[in-house]
Amino acid sequence: MFYPARMKEVSIVVHDDWVDELVKNLHESEMVEITDMYKSEKDVKEILMPGEAKSEAGECAALGLRIGRITGILNEEKHEGFLKKLFFPVKTEKYRVKVRGVKEIIDDAKKVLEDIETKVLNANEALEKNKEKIDELIVTEQQVSLLESLDFDLDFIAESEYVTVKAGVTEDIVELKNRLKGKCAALFSASVNEKNEKHAVLIVFYKDEEIDSRKVFTEFDLKLKGRPGKVLGEIKKEKEKLKEENRGIISLLKELNNNYGEELLILDDELDIERNRKEVTARFGKTESTSVIIGWTPAKNEKGLTMLVEGVTNGYAYCSFAWPKKPEKVPVYMDNPRWVKPFEALTEMFAPPKYDEVDPTMIIAPIFVLFFGFMLGDAVYGAIILMMGLLLLRGAGRISPEMKNSSILLSAVGASTIFFGILQGGYLGDVPARFFGVEPECLVSGLKDPITILMIALIIGLMHINLGLVLAAHQNYIKKDYSSIIQDQVSWWVLQPSFAVIILHFLGWCSFPLTVVYFAGMGLLFGLALLIMRKKGLFFFDFTGFIGNWLSYARLLALGLATAGIAMTVNIIAQMGPKLYSRINLPLSLIIIIIGALLGVYGLKKKKGIKSLVIKAACVFLLTVGLSVVIKMPVLFALIVGGTIFIVGHTFNLGIQALGSFVHSLRLQYVEFFGQFYSGGGKKFKPFKTDRKYTMVEG
Amino acid sequence: MIGMGAFLAAVGAGLAIGISAMGSGIGVGITGAAASGVVAQKPEKFGMSFVFQALPQTQAIYGLVTAIFILMGTGLLGGGAEDIPVSVGLVAVGCGLAVGFAGLSAIGQGIAASGGIGAAAEKPEMMGKGIMFSALPETQAIYGLVVAILLMGFSGILTKDYGVFLENDLTAVGFVGVACGLAIGIAGLSAIGQGIACAGGISATSEKPEMFGKGMVFSVLPETQAIYGLVVAILLMAFTGMFTKTFKVDVNQGMAVIGAGLAIGIAGISAIGQGITCSGAIGAVSRNPDVMGKGLIFAVMSEIFAIFALVVAILIMKGVGLM
């Protein structure tokens, strides 16, 4: 629990007739990490032949690629909103399947591909071509629309014996005319935007004249016949026709998906699993009629694995286990209880533990949660985080194990924030006192008594650092490195109380009997001597480093107070906002209404996305503000202005402070705590296991 | 009619938000430049870049919070500023210097965060580690805020209760507040060095994920100068009786210890050199893990000069009779 799981090196010799069955069962059992015999340091490899991937491996890979391509086309990702994906995702049930032989799977895959591969690929090609054509038509449509005001036959745009006719747009008609002076026979132009800045232009110029129209003229390469109005009608029809064709193709693809979708997804999974099984034999060693498998398994699996190997091979296999000789080569399996599992990601982010090193997850999990709550310290913010965590657990947490872990982590820090919020009396900052005149009961408030919180933070710091020292001493004890215990840990346990007594006595904050002061002085010298023995001239940096680590816990106070302070600032500004009512006169309110209305018109054009949402919200805000002044409703004004400042401000504060609490809580683990005992750097245990995305085995 | 105390309090509030806003502005600007580059190539990285850009904004928020605390505590917001003693006004200036100058740490954080954006754009799994590195240079701003909170707590600004300061002439304590602010504030510039080291750490970790822990060890070294600043600020508070509210300092002593604050504060800038060494050492260790110990020795060399200043600051305290 406090150390990674004990691992054993496993060696299996199996008769070739039973290899497939054994590999299948090892794959499903997920108990063994299989080592590549020829990359290992095993002497036995010298007398073995290298293993080879089974012949079906290539076929499974090729068929898997083709099936994957077809399923990709048939299941083109549906665009779900980010929040919907997180909190309300559509959960697809896994298909129940029976375990089948590789031959049957390959035959099935071939048959299905024969039935639909060409149809799907042709349909997809046609769909893509039509989409490209539609895109081209949209560009042409835009160009023709610009020329519509000139109303000429588009087949004029051509080269004849004496003249060349070009059409396009310019954003500097004066400059264009200047450049064409004396060189062109005719120039027709018409403004195409309200500000008279952009003009559609038709130029007729003598063929032997050279015209420099760079940067002022964008030419349209149109090969069309008829007047723009008529052409636009034709383009519209053509677009509709292509879209109709695409609808037909999409419904064909849907039909194919309805008929074959399930089978394809099952095959996709099965082929991937079979490919892994057929490829893994390349990691084995071979004799004439046996295969030799080596790998790692957690020691607790020894009995189960032995039974599995003997059971599935009918005794035609031999299985042996050995304790590892070189700890640095052993993969690390973090064996924590279920409630700690979500926090393993925090340890892994730093580095997984080495095999013979403490796994600190069990310790950092509760401390991280407590520190987070201490730093954020607002009951309402905590409730919001807890609610998000629970929603995530019900949403994406049902689908992805990573999301499930994140949601548990979020719920835990949310609950901790509620707890510390109540202790510190933080409810969206000082909302109860400021808006309702109620002073909530609290144990200690950072704003009123920062010194007490600082003391608590520093005491927590000392406990945390010393816990690290205890863990370091335990590791050294296991390694029988007693001199390190004395010099690296005992030295600090002597120095800390000695230094404290000397400082407190020196500052006159406490009076100690002279004997205690003498002992403290001797302790200080002894501790420093131990440090000097260990670090030589650099001992001073260790000393300042320790004080730095300790003082770093002052951030527990600072971040908590920053959350409360910003929340209070938001409340003050929200309270002051409604006072603007008296400053807004009628003309100003009308200007606000006009701006709001213009934003509304602009916002309606944009149908989707955050930008559109923000514009629409700003429109509603401005219209309500303006109208509340016009119809003389100060309450409405106060609600919309104060409410907006309140919601936006607290959302911002929650976001930035939650990020800060997360990061700084983690920093106290990584720098100040891990610095005492943990370096990490182990290689994670990667068992040979099936990765079923769409299926689950029946029974 | 406001007096000198309120005038000084206003100056303190101005320093708090003014200088920290400058720091955040520069830091956010550096990050924004990296973000623009990344988004031009990969528009889908906008959200990720935005999170990194938010990191160096916190310093200005700390400045704003301190300014609001000062304005409210001294009655410049809400009324009652007429009675503010000069000593409390001077402490407010100290708070402004602490949070303001320490807010320049946002420049270092911006350097680190821009490295984080680059790394996370290439490798999404680097986002968490990039944020961890980028959060390190915020520590200096947090120390500045801690000192400001303590000063505001001792002087009654937080609770709007400055009775002792009204009854006695405690201008000396005000000067000590300024000294504390200078010590922790200017030493906060050490974050620029830390930012450089963190950027090196991010780059190395991006190449080799196992470098995260070692990168962290090197990246926290340039923080020591800020810790010296914090130690001097706390010693000044302790020796002048702030913790126990039994103030024992005269005006001349109060003014003299500004020298101690300046010594350790300005020497804190030596961390820029240390940051450059650390960044190089991270690269070296990434290539050859055996040079970790030697890299650490090279890295701590720049710190010796900050230790000189620490000694001088303590000698000043001793010399003026505070110890």
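Residues numbered from 1 in each chain as written. Chains lettered and ligands numbered in written order. Predicted model: local features only at pLDDT ≥ 70, side-chain atom pairs only at ≥ 80, totals over all residues. Heavy atoms only, no water.

### Looking at the overall build of chain B
Just so we agree on the cut-off: Working definition: helices are DSSP H or I runs of at least four residues, strands are E runs of at least two. Numbering for both runs from the N terminus. Throughout, a contact is declared for two residues whenever any of their heavy atoms are within 4.5 Å. Here the accessible surface of atoms and residues is derived via Shrake-Rupley with a 1.4 Å probe, and residues count as covered only by protein chains that are part of the display. For the purpose of counting charges, residues Lys and Arg are taken to be positive, whereas Asp and Glu are taken to be negative. His and the chain ends are not included. To locate a charge, take NZ of a lysine, CZ of an arginine, CG of an aspartate or CD of a glutamate.
Helix and strand counts for chain B come out as 16 helices and zero strands. Oriented by its inertia axes, the alpha-carbon framework of chain B measures out at about 65 × 40 × 25 Å. Taking the contacts inside chain B whose residues are at least 6 apart along the sequence as the reference set, 89% of them involve residues at least 24 apart. By element, 69% of the accessible surface of chain B is carried by carbon and sulfur atoms, the whole surface being about 10,300 Å². The distance from the centre of the 12 positive side-chain charges to the centre of the 15 negative ones in chain B is 12 Å.

### Digging into the overall build of chain A
Stated precisely, the cut-off is as follows: In this treatment the radius of gyration is a C-alpha quantity, and the globule benchmark scales as 2.2 Å times the residue count to the 0.38 power. To sort residues, take the accessible area from a 1.4 Å probe on protein chains only and compare it with the maximum for the residue type: under 20% means buried, over 50% means exposed, and anything in between is partly exposed.
Along chain A, the regular secondary structure elements total 20 helices and twelve strands. Its C-alpha atoms give chain A a radius of gyration of 37 Å, clearly above 27 Å, the size a compact globule of 699 residues would have. Once the C-alpha set of chain A is aligned to its principal axes, its extents read approximately 110 × 90 × 55 Å. Looking at chain A as a whole, 45% of its 699 residues are labelled buried. Put simply, of all contacts in chain A between residues at least 6 apart along the chain, 80% involve residues at least 24 apart.

### Some thoughts on the interface of chain A and chain B
Size of an interface, as often reported, equals the accessible area lost when the parts are brought together. Stated precisely, the cut-off is as follows: Buried area: the sum, over both parts, of the accessible surface (1.4 Å probe) that disappears when the two are put together. A pairing counts as a salt bridge when a side-chain nitrogen of Lys or Arg comes within 4 Å of a carboxyl oxygen of Asp or Glu. Residues adjacent in sequence count toward polar contacts only when both atoms are side-chain atoms; beyond that, a polar contact is any pair of N or O atoms within 3.5 Å, and within protein one must be able to donate a hydrogen and the other to accept it. Each residue is assigned to one class: nonpolar for Ala, Val, Leu, Ile, Met, Phe, Trp, Tyr, Cys and Pro, charged for Asp, Glu, Lys and Arg, and polar for all the others, Gly among them.
Taken together, the contacts link 41 residues of chain A with 52 residues of chain B. Where chain A abuts chain B, roughly 3,900 Å² becomes buried across the two surfaces, and 85% of that area is made up of carbon and sulfur atoms. Of all residues in chain A, Met 349, Trp 509 and Phe 541 of chain A give up the largest surface area on contact with chain B, accounting jointly for 13% of the area buried on that side. Our count for the chain A to chain B interface comes out at one salt bridge. A salt bridge links Arg 667 of chain A to Glu 223 of chain B; the nearest nitrogen and oxygen atoms lie 2.7 Å apart. There are four residue pairs in polar contact (both at pLDDT 80 or more) connecting chain A and chain B. Of all the elements in the fold, those that place two or more residues in the side of chain A that touches chain B are α8 (344–350), α13 (450–478), α14 (482–507), α16 (539–551), α17 (555–576) and α20 (634–677) of chain A. Examining the composition of the side of chain A that touches chain B, we find that eleven residues originate from one element, α17 of chain A, more than from any other. Looking at the side of chain A that touches chain B residue by residue, the class counts come to 30 nonpolar, seven polar and four charged.

### With respect to the pattern of salt bridges
Residue and element names in this part refer to chain A. Tallied over the full model, the rule gives 34 salt bridges over all chains. Of the charged contacts, one joins Lys 286 and Asp 16 as a salt bridge, the two residues approaching to 2.3 Å between their closest N and O atoms. Remark: Asp 16 occurs in the loop between β1 (7–15) and α1 (19–29) and Lys 286 occurs in strand β9 (residues 285–286); sequence separation between them is 270 residues. Linking Lys 300 and Asp 335 is a salt bridge whose minimum nitrogen-to-oxygen distance equals 3.6 Å. Taken as a pair, Lys 300 in the loop between β10 (290–298) and α7 (302–313) and Asp 335 in the loop between β11 (317–322) and α8 lie far apart in primary sequence, 35 residues in all. Linked through salt bridges whose partners overlap, the residues forming this network are Glu 28, Glu 274, Arg 277 and Arg 692.

### Here's the deal with the nonpolar core
Under the convention used in this document: Here the nonpolar core consists of buried residues drawn from Ala, Val, Leu, Ile, Met, Phe, Trp, Tyr and Cys, with membership extended through side-chain atoms lying within 4.5 Å.
Of all hydrophobic cores here, the largest spans 173 residues; its most connected members are Tyr 670 of chain A together with Val 147 and Leu 236 of chain B. Not counting the four nearest positions on each side in its chain, Leu 236 of chain B is found in contact with Val 176, Ala 179, Cys 180, Val 257, Met 317 and Leu 322 of chain B. One finds Val 102, Ala 109, Val 120 and Leu 127 of chain A within the second-largest nonpolar core, a separate group that totals 23 residues.

### Remarks on unusual backbone geometry
Residue and element names in this part refer to chain A. Residue Glu 30 is not a glycine yet carries a positive backbone phi of 55°. Among the secondary structure elements, Glu 30 is positioned in the loop between α1 and β2 (33–35). Glu 30 sits in the partly exposed class, given a relative accessible area of 35%. At Leu 428, a position not held by glycine, the phi torsion is positive, near 50°. With respect to the secondary-structure elements, Leu 428 resides in the loop between α11 (401–424) and α12 (431–436).

### Here's the deal with helix α15 (residues 514–535) of chain A
Since the α-helix turns once every 3.6 residues, residues separated by three or four places project in the same direction. Residue and element names in this part refer to chain A. Filter applied, for reference: One less than the residue count of a helix, multiplied by 1.5 Å, gives the span that helix is expected to have. The arc in question is traced by the directions running from the helix axis to the C-beta atoms.
Taking 1.5 Å as the rise per residue, α15 with 22 residues should run 32 Å; its terminal C-alpha atoms sit 31 Å apart, in good agreement. The complete set of buried residues in α15 reads Val 517, Ala 520, Gly 523, Leu 524, Gly 527, Leu 530 and Leu 531. Viewed along the axis of α15, the buried residues span an arc of 145°, placing them on a single side of the element. Across from the buried face of α15, at angles greater than 90 degrees, the exposed residues are Leu 514, Tyr 518, Phe 519, Met 522, Leu 525 and Met 533.

### Points about the domain arrangement of chain A
Put simply, the rule reads: The domain boundaries here were taken from an automatic or database domain assignment.
As far as domains go, chain A holds domain 1 (1–51 + 284–333), domain 2 (139–238), domain 3 (341–554 + 658–677) and domain 4 (577–651). One C-alpha centre belongs to domain 2 of chain A, the other to domain 3 of chain A; they are set 73 Å apart.

### Structural notes on the pairing of strand β7 (residues 199–206) of chain A
Residues and elements named next belong to chain A. Short version of the rule: Any two strands with at least two DSSP-identified bridges between them are counted as paired.
For β7, the tally of buried residues reaches seven of eight residues, placing the bulk of the element in the interior. Pairing geometry for strand β5 (residues 163–170) and β7, over eight bridges, is antiparallel. When the bridges of β7 are listed, Ala 167 appears paired with Leu 202.

### Observations regarding the pairing of β5 of chain A
All names here are of chain A. Taken across its eight residues, β5 has six buried, putting it largely inside the fold. Two strands pair when backbone bridges link them, and β5 and strand β8 (residues 218–219) are joined in this way by two bridges, in the antiparallel orientation. Paired with Val 169 across the two strands is Thr 218, which belongs to β8.

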